Amino acid sequence: MRAEPSERLDPRAKRLWRLEGLITSVFLLIPTLGAFLLLDRVVDAAALVGALPWLAWALLVVLITVISPDLRWRRWRYEITDREVDLQRGLLYVTRTLVPLARVQHVDTQQGPLERSQGLSTVVFYTAAGPNRIPALATPRADEVRDRIAALTGTQDEL
Amino acid sequence: MSSSPQRLHPAILVIKVLTSFRRWFGITSVPWLFVLFRDGISSSRVLLLLAVVAISIVASGVWAVLSWRATVYFVRGNAFHFRQGVIGKNERTVPLDHIQSVDTVQGPVQRLFGIVEVRVETAGGGGTEADVSLAAVARPAAQQLQQALAPRRPSVAAIDAVEPDAPAPLLVRRLSTGRLLLAGATSGQIGVALPIIFTISQLFDDVLTPDFVLAYAQDWLPGSFAGIVVIAAGVLLLAWLVAVGGTVLAYAGFSLSRDGDSLRITRGLLERREVTIPINRIQAIQVVENVLRQPLGLVLVKMESAGYGADAGVSTTLFPLLRRTEVEDFLQATAPEFAVWPVLQRLPQRARRRYVLRSAFPFLFIALPASALLAWQDRPVLAPLPLIMAALAAAYGVLRFRGVGWALSTGRLVISHRTLSHVIVIAPQRRLQSRSLLQSPFQRRARLATLIVRVGRGSAFEITDLDATVAGEVLYRLGPAGVQATP
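Let us look at the sheet that holds strand β14 (residues 405–409) of chain B. Residue and element names in this part refer to chain B. Overall, antiparallel pairing links the six strands, which are arranged β13-β12-β11-β16-β15-β14 in an open sheet. The open sheet is flanked by β13 (317–323) and β14, the only strands paired with a single partner. Across the sheet, the axes of successive neighbouring strands diverge by a mean angle of 15°, strand direction being ignored. For strand β15 (residues 412–418) and strand β16 (residues 422–428), the ladder comprises seven bridges, and the chain directions are antiparallel.

Next up, the structure:
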């Protein structure tokens, strides 16, 4: 196995993912409340059992807002060599993906409202098999990466 | 070539009226029939019904004429233009080099008029342009259009002078009637046919009154175990017949010919389809042996072709039935790039444990508590049953493990894998859109990894539990650097 790709995402990615985790946490309150009501009103379970959904919710919140953003950031790496884009990502399941630049059809940068608030952008490049993403790069950096991929794509010999 | 704007064949009017009539009839027939049956048939009601039918035919006829006048297509510059819309004008422009293929389909109505439907399929690639369908085109016009839109022409000017000495399409293979029936009998699509049968029986339930059905069912309901078996066998037989019929309808008259750089497939009984696929758009070939065909040594050859991902299934069939021994010669004649049949490498022995666990684990999860429950619930005879299921799942895992093989042979990746069907995938390295290596914590401990290659939208192939070092090497050998290294 070759060495890990050289570049990391912007450190602000962690804050972005924490924010996303918080928003998800709020939405997760709905099923949690549902489970609680089911246990409390319908099944008429003991108070201790009724607390279980809230406990599960709290654990999940810690996981998605505190633990996972750090681990994800540490794992996420990318590198654009002169022939391929090399990506590595994952929490427990680690994925390494290589995309030949000759296969890239076009490149975008995208920015959601949350990303904009952190000054971050996502680079998306498309092959016939669908999109690949490099998320949470500082916006000027994302523009650079996009232009570099676009420039290299144009100069590739047909494999 | 710039062609003047062309209208569709006037038969489109009949097709439009028929389709809109069918649609309206479908929507309104149930309430109408309901009213007629409930209140009885009187001449005034029938007259009213006929009047409504007549008005809707006239209205849709007028609409069809207007939309026929508004619809034109033409080739100008380097693009195919399609303009339509009676009230709002809508023009679609498709660059010629985005056109994937130009297919023709001939349904029963089109056959009546000797015309075809032309479908212009465009390359997906994350784009938003949809495909264009011209529902009624005269044969000569369709051929002209196919030539004008043919992909990878050196220059557009050459198209005006259609080479008179262009070689006629070379027939590669035709499906004989015997093979067609054999393909139907072994298609194994009983699973597909069963829901159809249930739907039909539901339909009958709706039509027949509950009382009637109940009275009838009393005589029919199986009183014994044998009765259930007979009925189940009957349903299966019926499903099998439906599957045979479906295959025959889809594949009757299947013929594959090669026309220069393209393959042409003609097939279908009621609906004649003619599909043209440029050979260099074929991304991967799959040789599939389903359970029924394995003992007979028969296979189905499928292709993954860029732009056909969404239209999976029948349309991707390259040939419906071949003997396993014929495949290599067939591929040599059809798409030589895919004609490899190398000796496959196997997975490391330590991967076997992972295959067994992966397939048996869910069963163990349920089986142990279930067995305990059965033993406890005074049914000790049944207690081993869940455990036997788990053991079967484990055996299935071993079977899957044995079925996996792979090879990297002169720039082509060959993967063999087995679920119930045995599938061999052949994908040239230069067609791979991306390669990934996936490693779970369990795999990391066992020094194993999963290699995934993507050849098109929604078509990915994987080798699960390769040796991690080997997988890492293969990952890079499959890339552009690997292409250079291969002589």
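Now for helix α11 (residues 351–376) of chain B. Residue and element names in this part refer to chain B. Counted at 1.5 Å a residue, the expected span for α11 with its 26 residues is 38 Å, and the 36 Å between its end C-alpha atoms agrees. At Ala360, α11 shows its largest kink, close to 45°, and the proline Pro362 lies no more than four residues downstream. Those residues of α11 that sit buried are Tyr355, Ser359, Ala360, Phe363, Ala367 and Ser371. Residues of α11 that are buried sit in contact with α12 (384–403) and β19 (459–467).

Here we take up the pairing of strand β5 (residues 115–122) of chain B. In summary, the side chains of a regular strand alternate between the two faces of the sheet. Residue and element names in this part refer to chain B. The element β5 is largely enclosed, with a buried count of six among its eight residues. Here five bridges tie β5 to strand β6 (residues 132–138), and the two strands are oriented antiparallel to one another. Across the sheet, residue Arg119 finds its bridge partner in β6, namely Ser133.

Residues and elements named next belong to chain A. The assigned domain composition of chain A is domain 1 (12–72) and domain 2 (78–155). A straight line from the C-alpha centre of domain 1 to that of domain 2 covers 31 Å. Between domain 1 and domain 2, the contact holds nine residues from the first and seven residues from the second. Elements that contribute at least two residues to the side of domain 1 that touches domain 2 include exactly α1 (12–42) and α3 (52–75). For the side of domain 1 that touches domain 2, the leading source of residues is α1, giving six residues. Of the residues belonging to the side of domain 1 that touches domain 2, the class tally is four nonpolar, one polar and four charged.

For chain B, the domain assignment lists domain 1 (12–96 + 141–161) and domain 2 (351–401). Using only C-alpha atoms to locate each centre, domain 1 of chain B and domain 2 of chain B end up separated by 57 Å.

With 25 residues of chain B in contact, the opposing surface of chain A contributes 24 residues. Top element by residues in the side of chain B that touches chain A is strand β17 (residues 434–439) of chain B. It accounts for six residues. Across the side of chain B that touches chain A, the residue classes break down as ten nonpolar, eleven polar and four charged. Relative to β17 of chain B, strand β4 (residues 94–100) of chain A is paired through five bridges, and the arrangement is antiparallel.

Moving on: the packing of α1 of chain A against α3 of chain A. All names here are of chain A. With their axes 9 Å apart at the nearest point, α1 and α3 run at an angle of 165° to one another. By the angle between their directions, the pair α1 and α3 is classed as roughly antiparallel. The interaxial crossing formed by α1 with α3 has right-handed handedness. Taken together, the residues of the contact of α1 with α3 sort by class into 15 nonpolar, five polar and four charged.

Below, the discussion takes up the nonpolar core. Ile285, Val301, Ala427 and Leu451 of chain B are the most contacted members of the largest nonpolar core, which totals 81 residues. Of the domains in this structure, domain 1 (12–72) and domain 2 (78–155) of chain A are the two that each give at least three residues to this core. Look past the residues within four positions of Leu451 of chain B in its chain and what remains in contact with it is Arg435, Leu437, Glu462, Ile463, Leu466, Ala471, Val474 and Leu475 of chain B. Residues Ile12, Ile15, Val120 and Ala148 of chain B belong to the second largest nonpolar core, which totals 21 residues.

The rules behind these values
Throughout this document, residue positions are counted from 1 along each chain, in the order its sequence is written. All chains are assigned letters beginning with A, and all ligands numbers beginning with 1, in the order in which they are written. Per-residue local features of the predicted model are confined to residues with pLDDT of at least 70, and side-chain atom pairs are confined, for both listing and counting, to 80 or more; whole-chain, interface and lining totals are unaffected and use all residues. The rule for pairing is simple: two strands pair if DSSP sees at least two bridges between them. A run of DSSP states H or I qualifies as a helix once it reaches four residues; a run of E qualifies as a strand once it reaches two. Both are numbered from the N-terminal end. For helices, the fitted axis covers only the stretch in contact; all axes are lines through C-alpha atoms, and the angles between them, taken along N-to-C directions, range from 0 to 180 degrees. The span one expects for a helix is its residue count, reduced by one, times 1.5 Å. What we call the bend at a residue is the angle made by axes fitted to the seven residues finishing there and the seven residues starting there. A residue is called partly exposed when the number of other C-beta atoms within 10 Å of its own lies between 12 and 20, exposed at 12 or fewer, and buried at 20 or more, with C-beta atoms placed from the backbone. Our contact criterion uses C-beta atoms placed from the backbone: two residues qualify when those atoms are within 7 Å. In this document the domain limits rely on a domain assignment from an automatic tool or a database. Residues were grouped as follows: Ala, Val, Leu, Ile, Met, Phe, Trp, Tyr, Cys and Pro as nonpolar; Asp, Glu, Lys and Arg as charged; and all remaining residues, including Gly, as polar. We call two directions roughly parallel when the angle between them is under 35 degrees, roughly antiparallel when it is over 145, roughly perpendicular when it lies between 65 and 115, and oblique otherwise. Two helices that cross are described as forming a left-handed crossing if the nearer one is turned anticlockwise from the farther one by less than a right angle, and a right-handed crossing if clockwise. Put simply, a nonpolar core is a cluster of buried Ala, Val, Leu, Ile, Met, Phe, Trp, Tyr and Cys residues tied together by C-beta atoms within 7 Å.

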